[in-house]
Amino acid sequence: MAPTSNAGRTHLAHPEPTTHRFASFDGVEIAWSELGEGRPVVLIHGYFSDAQTNWIKYGHAAKVAALGRRVIMPDLRAHGLSARPHDAAAYPPDALARDGMALIEHLGLTDYDLGGYSLGARTAVRMVTMGASPSKLVLSGMGLEGLLDTGRRAAHFRRILTNLGSFERGSNEWMAEAFLKTTGGDPVALLGILDTFVDTSREQLAAIGQPVLVLAGEEDDDNGSHRSLADLLPDARLVETPGNHMSAVVKRELGDAIAAFLA
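Everything numeric in this text was worked out from a predicted model, so none of it was measured. (Residues numbered from 1 in each chain as written. Predicted model: local features only at pLDDT ≥ 70, side-chain atom pairs only at ≥ 80, totals over all residues. Heavy atoms only, no water.)

Trainee: Describe the pattern of salt bridges, and please don't skip the residues or the numbers.
Mentor: Taken as a whole, this structure holds 15 salt bridges when the rule is applied. Between R70 and E34 there is a salt bridge; the shortest N-O distance is 2.9 Å. Remark: E34 occurs in strand 2 (residues 29–35) and R70 occurs in strand 4 (residues 69–74); sequence separation between them is 36 residues. Taking relative accessible area as the criterion, E34 reaches 12% and is therefore assigned buried. Note that E173 and R159 form a salt bridge whose closest N and O atoms lie 2.5 Å from each other. Of this pair, E173 sits in helix 7 (residues 172–182) while R159 is found in helix 6 (residues 150–161), placing the two residues 14 residues apart along the sequence. Take R159: its relative accessible area is 38%, and that puts it in the partly exposed class. Bridged by salt links that share partners, the residues R39, R69, D111 and D113 form one connected network. (Salt bridge = Lys/Arg side-chain N within 4 Å of Asp/Glu carboxyl O. Helix = DSSP H or I, 4+ residues; strand = E, 2+ residues; numbered from the N terminus. Buried < 20%, exposed > 50% of the residue type's maximum accessible area, 1.4 Å probe, protein only.)

Next comes the structure, spelled out in C-alpha cells:
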C-alpha cells in the first residue's frame, strides 16, 4: 500500500506518514515515521529493513492507526532514513535498545504499547529489560533461541555481509542479499549492528509481566521456536500467520493479528 497525500488526514486506504528526526543518546540521528493519532504504539522493524518496508508498505501500520492509535515507527540506526555511521564506536552493546529508550524519553511517552519484528522484537525485549513499561508487547518473527543466543544469527548475517555476491541463487543467503539490495542497505554500517546484540536470559524473559502477542509465520524458524517463547512468557498468546520469516511480513494477516491484539 503506497502512501498518498490526503490533506494531512489519516485514512486506512490513504495513509500519509510523517517523518521526524532526533539525536539519540550518543548524538546519532534517528529518524522515525508517524501515522495516526491517539494512544501511542511503537513498532520497530527488522534487520536490513526499515519502517517503510516493514510497517507502512503493506498496510500494517494503517490498520493499527485505524483503531485510533498513534503509530510511531523508528528506523534503527544504520537503517532507512537514520544515520549510518561507519565508526565502530557507534555500535556499543544494546545501542538499538538505548535508541528506543531515548525515543520514548524524547516523545515523553508514558502510556504506550511496544512491538517489533525480528531484530525489532529483540530490541523491544531489550528495552523492557532496561525498564521500558509498555502496556502490551508484540514480539513478531522471533523465537526463544533468537533471544537467548544472539550469536548464531549474528554469525549468519556476518557471513552474508562479508561474502556478498557469492551465494547460490535461491538460497536463504541469496534471498537476504536480494532484500538488502531492495532496501538500499549499507553493508559496513549493518556489520556494526551485529556488535550491538546482547543475549536475554530465561529469567529476564520469565519476568516480563505484560500481555504479549508472540506472532510468527507458520514456516518461520529463523529465530528458533516461537511456541517455546510463548510458553516461557507468563502472559502470552501465540498466533501463527501464513508464510516464512521473509514472506510473513508482506501478508495482510500479520497486520490483522497485531491490530486485533492492540484493539
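Now that the structure is up, let's keep going.
Trainee: Please set out the environment of G80 residue by residue, giving values where relevant.
Mentor: By secondary structure assignment, the location of G80 is in the loop between strand 4 and helix 3 (95–107). The exposure class assigned to G80 is partly exposed, which follows from its relative accessible area of 22%. When the C-alpha positions of G80 and Q52 are compared, they lie 8.1 Å apart, and in sequence the two are 28 residues distant. Setting aside residues no more than four positions away along its own chain, G80 makes contact with S49, D50 and D75. (Contact = heavy atoms within 4.5 Å.)

Trainee: Provide a residue-level description of the pairing of strand 6 (residues 137–140), including the pertinent values.
Mentor: Burial of the side chains of strand 6 extends over both faces: L137 and L139 are buried on one face and V138 and S140 on the other. Strand direction decides the pairing type here: strand 5 (residues 113–117) and strand 6, joined by 4 bridges, are parallel. Paired with L114 across the two strands is L137, which belongs to strand 6. As a crossover connection, the stretch from strand 5 through helix 4 (residues 119–129) into strand 6 is right-handed. With 4 bridges joining them, strand 6 and strand 7 (residues 212–217) adopt parallel strand pairing. Its bridge partner lying in strand 7, L137 is registered against V212. (Pairing = 2+ DSSP bridges. Right-handed = clockwise from strand over helix to strand, strands pointing away.)

Trainee: Provide a residue-level description of the nonpolar core, including the pertinent values.
Mentor: Across soluble globular proteins, you tend to see nonpolar side chains buried next to one another. With 52 residues, the main nonpolar core has Y47, L114, L139 and L229 as its most contacted residues. Of all the elements, helix 4 adds the most residues to this core, at 6 residues. In this structure, L139 is in contact with G116, A121, A124, V125, V212, L213, V214, L215, L229 and L233, ignoring residues within four places of it in sequence. Counting residues in hydrophobic clusters, the runner-up holds 23 residues, among them L35, W55, L215 and V249. (Core = buried A, V, L, I, M, F, W, Y, C linked by side-chain atoms within 4.5 Å.)

Trainee: Please set out the packing of aromatic side chains residue by residue, giving values where relevant.
Mentor: Here the structure, examined in full by the defined rule, presents 4 aromatic pairs. Centre to centre, the rings of Y47 and F48 are 4.6 Å apart; their planes meet at 35°, and the pair counts as tilted. This pair shows no difference in class: Y47 is buried, exactly as F48 is. The ring of F261 carries K136 above its face, with NZ or CZ at 5.0 Å from the centroid. (Phe/Tyr/Trp six-rings, centres within 6.5 Å; stacked < 30°, edge-to-face > 60°. Lys NZ or Arg CZ within 6 Å of the ring centre and 35° of its normal.)

Trainee: With reference to specific residues and values, describe the layout of surface pockets.
Mentor: Empty space within the largest pocket amounts to approximately 760 Å³. Around the largest pocket sit 33 residues that line it, and A176, F179, D222, H245 and M246 are the ones nearest its centre. Elements that contribute at least two residues to the lining of the largest pocket include exactly helix 1 (51–56), helix 4, helix 6 and helix 7. Tallying contributions element by element places helix 7 first for the lining of the largest pocket, with 6 residues. Of the residues assigned to the lining of the largest pocket, the class counts are 13 nonpolar, 13 polar and 7 charged. (1 Å grid on protein atoms, 1.4 Å probe; cavity = no way out; pocket = protein on both sides within 12 Å on 5 of 7 lines; lining within 4 Å. Points joined across faces, edges and corners; volume = space filled by probe spheres on them. Nonpolar A, V, L, I, M, F, W, Y, C, P; charged D, E, K, R; others polar.)

Trainee: How would you sum up the environment of S82? Please name residues and give values.
Mentor: You can see S82 is positioned in the loop between strand 4 and helix 3. Sequence separation between S82 and D50 is 32 residues, and the spatial gap between their C-alpha atoms is 9.4 Å. Apart from the residues within four sequence positions on either side, S82 is in contact with E29, I30, A31, D75, L76 and R77. From its side chain, S82 meets the backbone nitrogen of A31 in a polar contact 2.8 Å long. (Polar contact = N/O pair within 3.5 Å; in protein donor to acceptor, adjacent residues only side chain to side chain.)

Trainee: Explain helix 6 to me, and be specific about the residues and the numbers.
Mentor: If you check helix 6, its first and last C-alpha atoms are 17 Å apart, about what 12 residues at 1.5 Å a residue would give, namely 16 Å. Of all the residues in helix 6, the buried ones are T150, R153, A154, H156, F157, I160 and L161. Looking straight down helix 6, one finds that the buried residues subtend no more than 160° of arc, so they occupy a single side. Where the residues of helix 6 are buried, they touch helix 4, helix 5 (144–148), helix 7 and helix 8 (187–194). The opening residue of helix 6, the one whose side-chain oxygen lies 3.2 Å from the backbone nitrogen of G151, is D149. (Expected span 1.5 Å × (residues − 1). Arc of directions from axis to C-beta.)

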